[in-house]
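Results of the structural survey
Residues per chain are reported as follows:
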Amino acid sequence: MPETLEIAPTPLFDRDANLRGYRLNKMAMALGEPANRAAFVEDEDAYLDRFGLNAEEKAAVKARNWHEMVRLGGNLFFILKISAIDPTPITQIGAAQVGMDHDIFLKERLGKH
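Below, the structure is looked at part by part. Computed from a prediction, not measured in an experiment: that's the story for all the values here.

Calculation rules
- Residues numbered from 1 in each chain as written.
- Predicted model: local features only at pLDDT ≥ 70, side-chain atom pairs only at ≥ 80, totals over all residues.
- Heavy atoms only, no water.
- Phe/Tyr/Trp six-rings, centres within 6.5 Å; stacked < 30°, edge-to-face > 60°.
- Buried < 20%, exposed > 50% of the residue type's maximum accessible area, 1.4 Å probe, protein only.
- Helix = DSSP H or I, 4+ residues; strand = E, 2+ residues; numbered from the N terminus.

Focus on the packing of aromatic side chains
Enumeration over the complete set of coordinates arrives at two aromatic pairs. Ring centres 5.5 Å apart and planes at 80° place the aromatic pair phenylalanine 40 and tyrosine 47 in the edge-to-face group. The exposure class of tyrosine 47 is buried, given its relative accessible area of 1%. Feature note: the residues Phe40, Tyr47 and Phe51 constitute an aromatic cluster, connected by ring pairs.

Written out as structure tokens, the structure is:
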């Protein structure tokens, strides 16, 4: 019998997560508009308030806690729009998703030295 590999807990983006993350995803998708990106940069709190994010969602966005945003129902493809504002390398988000240090992630997962 083949050996079973364990996968770190990964939030499942199902119907419940989609409903739970609606505000977060709507806010992130709106960042596709230049005026919304400018508003986000100018006053992040006010921008998040426009979409009715709760305290937990706001904290995750402000900390750029990618794993937490996904856990709260954020669709990774949508919340990546937030990373374009900072900008945040996609490899840093990948490292956060698996709970690894970015440099270790680059070496172990991508073979970069």
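Focus: the environment of proline 89
Relative to the helices and strands, proline 89 is located in the loop between α7 (76–83) and α8 (90–98). A relative accessible area of 39% places proline 89 in the partly exposed class. For the pair proline 89 and histidine 102, spaced 13 residues apart in the sequence, the C-alpha separation amounts to 9.9 Å.

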